[in-house]
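Coordinate inspection notes
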Amino acid sequence: MLIPDIINALAGWGISVSQEQLKSPTADFVENVYSACLEQLTGISHGSLRDPVQNALNASQVEDKDLYASALSSNIILYHLQAIDLFMGTARVEDFNSRDLYNPERERTIVLLSAFINFVKFTEQFCDPFLKDLRERSNSLIAQRDNIQDQLNEIQRKLDELKGRIVQDKPICEQLNAENTSITNTMFMTKDAQAKAVRDVEQYKTERNALMKRKEALNGEIKSVEEAITRTRARIVQSPERIKKTIAIMSTTAREDKKMVLMHETNARDLQTKINALHNIEKVVPLISPHLLR
């Protein structure tokens, strides 16, 4: 680039230089210009390097920190300029080094400034839209990441709360499980007792039916005997004593039969009571919650 073109380009960035400075460049001049170019490309300036330089000097524990501050800042700027030099290979810039800062030459300084200016114009023309889109997507991704992080924190908080509730409810769960086991065992025992009671009821029903049949047979026999006695009395006249004796014997037999009938009726009533109780058990057992059987 011609010197006037370089002057105009730098003036567009707010950097004022003269032809005499470009024709006879000094170390301070080129460092200021290169620093301005570096700031234009990367945003790194002397001001932004002040704190990192001071932190590095504090960590090094050197005695005279002010003596090394300027040199360290220059070396950091040189490092970043050399890094940019790698991206400017297509501008035919070769081996940017400390000599270009501390002992600049007119022709090489013009070539380097031309390369910087062309590189900045290239990035402004072709890279800025891409970088802008990339920054926007990056900001969007960062916002999504922060949102997801907030959701993760909320979920973690709820998870911790649920874990705390689980720990708090664990004794109650153990107590309920123990009660459930006890109720389940009791229910199984009740079911076994019910099955046994049902078998007993069936047996009692069979015995009852047999007793009822026997009772009917006895009633028939008593009626038949009474009819026979009536017919016999009508046909036969016996001595009063013998008749009295026969009547007494028959009365005794009838009383025994009546006692037997009463005893069977009592057994029948007991069986009926047990049957009613078993029916009540059959109604209550299905009401037990099925989950207690788990």
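First, a word on what this report is: a plain description of the structure on this page. Along each chain, residue indices are assigned from 1 in the same order as the chain's sequence is written. In keeping with the predicted nature of the model, local features appear solely for residues at pLDDT of at least 70, side-chain atom pairs appear and are counted solely at 80 or more, and the whole-chain, interface and lining totals rest on all residues. As a rule here, side-chain values come from all non-hydrogen atoms in the structure, and water together with hydrogens is ignored.

1. Considering the overall build of the protein chain
Our working rule: Where helices and strands are cited, they refer to DSSP runs of H or I of at least four residues and of E of at least two residues respectively, numbered from the N terminus. Relative accessibility decides the category of a residue: with a 1.4 Å probe and only protein chains considered, values under 20% of the type maximum give buried, values over 50% give exposed, and everything between is partly exposed. Each accessible area is a Shrake-Rupley estimate made with a 1.4 Å probe; only the visible protein chains count as cover when residues are assessed.
What the protein chain contains, in helices and strands, is eight helices and zero strands. Taken from the N to the C terminus, the helices and strands of the protein chain come in the order α-α-α-α-α-α-α-α. Burial analysis of the protein chain (294 residues in total) assigns 22% to the buried set. When the accessible surface of the protein chain is totalled, it reaches about 21300 Å², and 56% of it is carbon and sulfur.

2. Remarks on the nonpolar core
For clarity, the threshold we go by: We call a set of buried Ala, Val, Leu, Ile, Met, Phe, Trp, Tyr and Cys residues a nonpolar core when their side-chain atoms join them within 4.5 Å. Residue contacts follow a heavy-atom distance rule, with two residues in contact if any of their heavy atoms lie within 4.5 Å.
In this structure, I6, L10, V17, L22, V33 and L113 are the most contacted members of the largest nonpolar core, which totals 19 residues. For this core, the secondary-structure elements that each account for two or more residues are helix 1 (3-12), helix 3 (27-42) and helix 7 (106-235). Here this core gets six residues from one element, more than from any other, and that element is helix 3. Here L10 is in contact with I15, V17, V33, C37 and I117, once residues within four sequence places are set aside.

3. Let's talk about the pattern of salt bridges
Let me state the cut-off plainly: Salt bridge, as applied in this entry: a Lys or Arg side-chain nitrogen positioned within 4 Å of an Asp or Glu carboxyl oxygen.
Scanning all chains against the criterion turns up five salt bridges. Where E154 meets R157, a salt bridge forms, and the shortest distance between an N and an O atom there is 2.4 Å. Highlighted residues: E154 and R157, both in helix 7, separated by three residues, approximately one helical turn. R157 gets classed as partly exposed once you look at its relative accessible area, which sits at 43%.

4. Side note on helix 1
Each α-helix turn comprises 3.6 residues. Residues three or four places apart therefore point the same way. Convention followed: Think of the arc as the fan of directions from the helix axis to the C-beta atoms.
Taken together, the buried positions of helix 1 are occupied by I3, I6, I7, A9 and L10. The arc that holds the buried residues of helix 1, viewed along the axis, is 165°, so those residues lie on one side. Summarising the geometry of helix 1, the exposed residues directed more than 90 degrees from the buried face are N8 and G12. Directly beyond the C-terminal end of helix 1, a positive phi value near 85° is found at G14.

Read these as spatial facts, not as claims about activity.
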